[in-house]
Amino acid sequence: MEIRNEKVKIKSHILVRAANNKPLIINSMIYGATRYLWLATNKGIYIYNISSKSFSKVPASNNDISVGKIMLDNNGILWAGRKDGVFRLEEWNQAGLLPVFKKVQLPEAITQVESLFQDRRGSIWVGTLKNGVFRLTMPFSALNNGPQWKAEHVIKQINNTSFIGSIINIKCFFEDKYGVLWIGTAGGGAIYTNLKTPKNVWDASGKNATYKDRPDKSKPFFAVFNTGITHMSRVATRTTEGRSSRSAPMDKVIVPPYIPDLPEVRDDISWNMDAVKRMDAWVGQQLKELEQSGEADNTIIFFYADHGGTVPRGKAYVYETGTLVPFIVYFPPRWKHLAGTTIPSVSDRLVSFVDLAPTVLSLCNVSIPDFMVGAPFLGKAANDAQNLRQYIFTFRANQGDTYAPSRAITDGRYKLIWNYQSAYPNGTRQDYQWQMPAQQAWDKAFMAGTIKNPLHLKFCEPVETFELYDIQKDSLETTNLASLPAYKDALNTLKKALQSMLREQKDLGFIPREYRRVLQKEGALYDVVRKAKIDVSKEISAAEIASLKDPKQLATLLQFLSDKDPVVQYWGASGICGLAKIGLIKNVPKAATNVLQDTSVIPEVKCMLAEAMVYAGDTQRGLDYLLQQLKDGFGPAAACLQNVGVKATPLVKELQQLLTLKSQPPKLKFYIRSILINCGVLPYDRLYDANEKVES
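So, a few notes on the structure that sits alongside this text.

Rules used in this analysis
- Residues numbered from 1 in each chain as written.
- Predicted model: local features only at pLDDT ≥ 70, side-chain atom pairs only at ≥ 80, totals over all residues.
- Heavy atoms only, no water.
- Helix = DSSP H or I, 4+ residues; strand = E, 2+ residues; numbered from the N terminus.
- Buried < 20%, exposed > 50% of the residue type's maximum accessible area, 1.4 Å probe, protein only.
- Areas by Shrake-Rupley, 256 points an atom, 1.4 Å probe, with all protein chains shown as cover.
- 1 Å grid on protein atoms, 1.4 Å probe; cavity = no way out; pocket = protein on both sides within 12 Å on 5 of 7 lines; lining within 4 Å.
- Points joined across faces, edges and corners; volume = space filled by probe spheres on them.
- Nonpolar A, V, L, I, M, F, W, Y, C, P; charged D, E, K, R; others polar.
- Salt bridge = Lys/Arg side-chain N within 4 Å of Asp/Glu carboxyl O.
- Polar contact = N/O pair within 3.5 Å; in protein donor to acceptor, adjacent residues only side chain to side chain.
- Contact = heavy atoms within 4.5 Å.
- Axes fitted to C-alpha atoms, helices over the stretch in contact; angles between N-to-C directions.
- Parallel < 35°, antiparallel > 145°, perpendicular 65-115°, else oblique.
- Left-handed = near helix turned anticlockwise from the far one by under 90°.
- Arc of directions from axis to C-beta.
- Pairing = 2+ DSSP bridges.
- Phe/Tyr/Trp six-rings, centres within 6.5 Å; stacked < 30°, edge-to-face > 60°.
- Lys NZ or Arg CZ within 6 Å of the ring centre and 35° of its normal.

Now for the overall build of the chain. Secondary structure summary: the chain contains 17 helices and 21 strands in total. Here the chain holds 696 residues, and the buried ones make up 47% of them. A total accessible area of about 35,700 Å² is found for the chain, and carbon and sulfur atoms account for 52% of it.

Moving on to empty space enclosed by the protein. If you walk through the whole model with that rule in mind, you get seven cavities of 30 Å³ or more. Its volume calculated, the largest cavity comes out at about 110 Å³. Along the walls of the largest cavity sit 15 residues, with Asp401, Tyr403, Tyr570, Met608 and Pro636 positioned nearest its centre. Broken down by secondary-structure element, the contributors of at least two residues to the lining of the largest cavity are strand 19 (402–410), helix 7 (513–519), helix 13 (603–615) and helix 15 (635–643).

It is worth spelling out the layout of surface pockets at this point. Roughly 420 Å³ of internal volume is contained in the second largest pocket. Lining the second largest pocket are 22 residues, and of these Pro425, Phe446, Cys460, Gln642 and Asn678 sit closest to its centre. Sort the elements by how many residues they give to the lining of the second largest pocket and helix 4 (residues 437–448) lands first, with five residues. Grouping the amino acids of the lining of the second largest pocket by side-chain chemistry returns 11 nonpolar, seven polar and four charged.

Let us look at the pattern of salt bridges. Here the structure, examined in full by the defined rule, presents 27 salt bridges. Linking Lys531 and Glu522 is a salt bridge whose minimum nitrogen-to-oxygen distance equals 3.3 Å. Connected through shared salt-bridge partners, Arg243, Arg246, Asp267 and Asp268 make up one network.

Within the secondary structure, Arg407 is located in strand 19. Arg407 gets classed as buried once you look at its relative accessible area, which sits at 4%. At 3.0 Å, the side chain of Arg407 and the backbone oxygen of Arg396 are in polar contact. If near-sequence neighbours (up to four positions away) are discounted, Arg407 is found in contact with Thr394, Phe395, Arg396, Leu416, Ile417, Trp418, Tyr420, Leu498, Leu502, Asp507, Gly509 and Phe510.

What follows concerns the packing of helix 1 (residues 263–293) against helix 4. Describing two packed helices takes the angle between their axes plus the distance from one axis to the other. Contact pair helix 1 / helix 4: the axes reach a minimum separation of 8 Å and the direction vectors enclose 165°. What the angle tells us is that helix 1 and helix 4 run roughly antiparallel. In this structure, the crossing between helix 1 and helix 4 has a hand that is left-handed. Counted together, Glu264, Val265 and Asp268 of helix 1 and Pro437, Ala438 and Ala441 of helix 4 form the full contact between these two elements. A breakdown of the residues in the contact of helix 1 with helix 4 according to their chemical character gives four nonpolar, no polar and two charged.

Our focus in this paragraph is helix 10 (residues 554–561). Every α-helix winds through 3.6 residues per turn, so residues three or four apart in the chain are directed the same way. Among all positions in helix 10, only Leu554, Leu557, Phe560 and Leu561 are buried. One side of helix 10 carries all its buried residues, which in axial view fall inside an arc of 110°. Residues of helix 10 that are buried make contact with helix 9 (536–547), helix 11 (566–581), helix 12 (590–593) and helix 13.

This part is about the pairing of strand 10 (residues 124–128). Buried residues dominate strand 10, accounting for five of its five residues. Of the two faces of strand 10, the one holding Ile124, Val126 and Thr128 and the one holding Trp125 and Gly127 are both buried throughout. As paired elements, strand 9 (residues 113–118) and strand 10 share five bridges and run antiparallel to each other. Along strand 10, the bridge assignment pairs Val113 with Thr128. Hairpin geometry of strand 9 and strand 10 is characterised by an intervening segment of five residues between the two adjacent antiparallel strands and by a positive phi of about 100° at Gly122. Pairing analysis gives four bridges linking strand 10 to strand 11 (residues 133–137), with the strands arranged antiparallel. Each residue of the ladder has a partner; that of Trp125, found in strand 11, is Arg135. Here strand 10 folds back onto strand 11, and the loop between the two strands holds four residues, one of which, Gly132, carries a positive phi near 85°.

Let us now look at the packing of aromatic side chains. In the structure shown here, the tally under the stated rule is 23 aromatic pairs. Between the aromatic rings of Trp442 and Phe459, the centroid separation amounts to 4.3 Å while the plane-to-plane angle is 20°, which identifies the pairing as stacked. Here the residue Trp442 occupies a position in helix 4, and Phe459 occupies one in the loop between helix 5 (454–458) and strand 21 (466–470), the gap between them amounting to 17 residues. An identical accessibility class is assigned to Trp442 and Phe459; each is buried. Here the basic side chain of Arg234 rests over the ring of Trp271, its NZ or CZ set 3.7 Å away from the ring centre. Lying over the aromatic face of Trp418, Lys495 brings its terminal NZ or CZ to 5.8 Å of the ring centre.

So, about unusual backbone geometry. Between Ile343 and the following residue, Pro344, the backbone shows a cis peptide bond with an omega angle of 0°. With respect to the secondary-structure elements, Pro344 resides in the loop between strand 17 (327–330) and helix 3 (356–363). Notably, Arg313 is not glycine yet its phi reads approximately 65°, a positive angle. You will see that Glu477, though not glycine, has its phi angle at about 55°, which is positive. By the element assignment, Glu477 lies in the loop between strand 21 and helix 6 (488–504). Exposure remark for Glu477: the relative accessible area of 1% places this residue in the buried category.

Laid out in structure tokens, this is it:
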């Protein structure tokens, strides 16, 4: 590889030659997390070890054919596209520690491969020279029997007058944050397909879509308008510097009692209140346009937010401050008879977002499909016994790369929160929400030891398994009643109802994220789990036991590690980690530590056990495993190292070296900096790099 550039000064170059000493043609290259540069050349695949500056060819009997495109998938496995098909790393050459590639068994049409891409669901997209686009998925039944990929010929030809060019010679793929897959061709343009939304759902969609443009103005319409004015990105500015003056003075705002009263907290609240004022003006503009269109007297209007507010312990948490939203419904006089309730009125009826679609269908006199779990809260059937909610359920999943599921249930009086990841606090750092100055200020005050209020400390300590609140008397959920004998009946009633609902709905949120992505390589998780007949109830039970922080359950948790279901194994590891975190076990049993050597166990299980080892008995071995996973770009390992705090100090030098690598993704760099801050070797104001963008 020889680098020449007339405008940019190149400090050094590497000349790559084949065995016959002729220079190689580099078609594509990619950097691996283990300090390897992979080169796709006209004479096969080569590896350049950046650390040792050594260069070698991948050992394979047929590695002399030109390779056009290479790709690293979500598991760090290298894929290669050639004229004779698709190849991937299958095993390691133990003698030379170099990878060996084998051909993926696919239909004969998948030849002359020009491009490779993996989407967020785990599917592999293959672009060919003449035969269009293929999508590869791996059936669940094949996971334990070696890779057996299923190929679907997704795009052979395009009937789209807006498309410029031909659907051949596929050069590249890109998936945007909306789930749209863009496909670049050599035919003069780019085509795209939405991976999530079926065709023809909307007559028009986008920022400029409006009911006013419908051809037949007499035709009824359904329209949704969204605004990001009050989105968390408003306050996710990393600093309060540069913010303009606001209409809500900072010294006049009310700071909720569960957040420490700090200048940055007041600044964020005031800044957000200005956004609410702007949002109100935006709504007024929409209503004005509706009036001018002549449709105001014919339109039922729903106004609501999508989740709680943008202050710490708000959005992304199952407290009322994260899930209770403003909700207003307006019926014009000529249509108020459809409401099924007195107008005007204020209702304390329990309503969940899953009730919106059934309600709209009911108002339109359309039958509600059986698969919908919600119930209409307006319309002629709204007050039927089966449509009156007894409970509302809410959920929480990941906190960044930390898998920390919680479930909540309320009957309108009492609210129960069940936290399942026992080793982690609610205040676990993650790269997006920690851009709020208020969140950073709270975190810094805790690290400095200036937080004394037990309610404020609670956010930064491992979660309590059960939280019970009387939300009629304590709407901000500041007094946990779960341990008080007087509330035992309320606690048990809600626990039983929650457990029943999770099993009835077959809640799949107890599958840790990375393994979930593995399962989704076959298709929709719903279909994969049912096809494989996975015992979801067993997985939920394992999570429940793991959450209890009960050392008497250690034997059961160890049994979980031997289960055939990786999800049950995971919760066994999680429970052990939770016990070790708070000192309820002093040593991790050998039966658990041996799992780190078992190649059949998923990395998420091993990471939780390695974290437990850091707390109890085998610190260096646990740190070494987590460091290696971090080097391989595995997010959950970064989350574990962040959670162990100062115990990660032995890794400081290697972490500092990793931070210097420009190829590290921004999210991983965030976690590395966070770990170094915990170890006291990096100031808190270095948590973010000004040049790195974080996606919401």
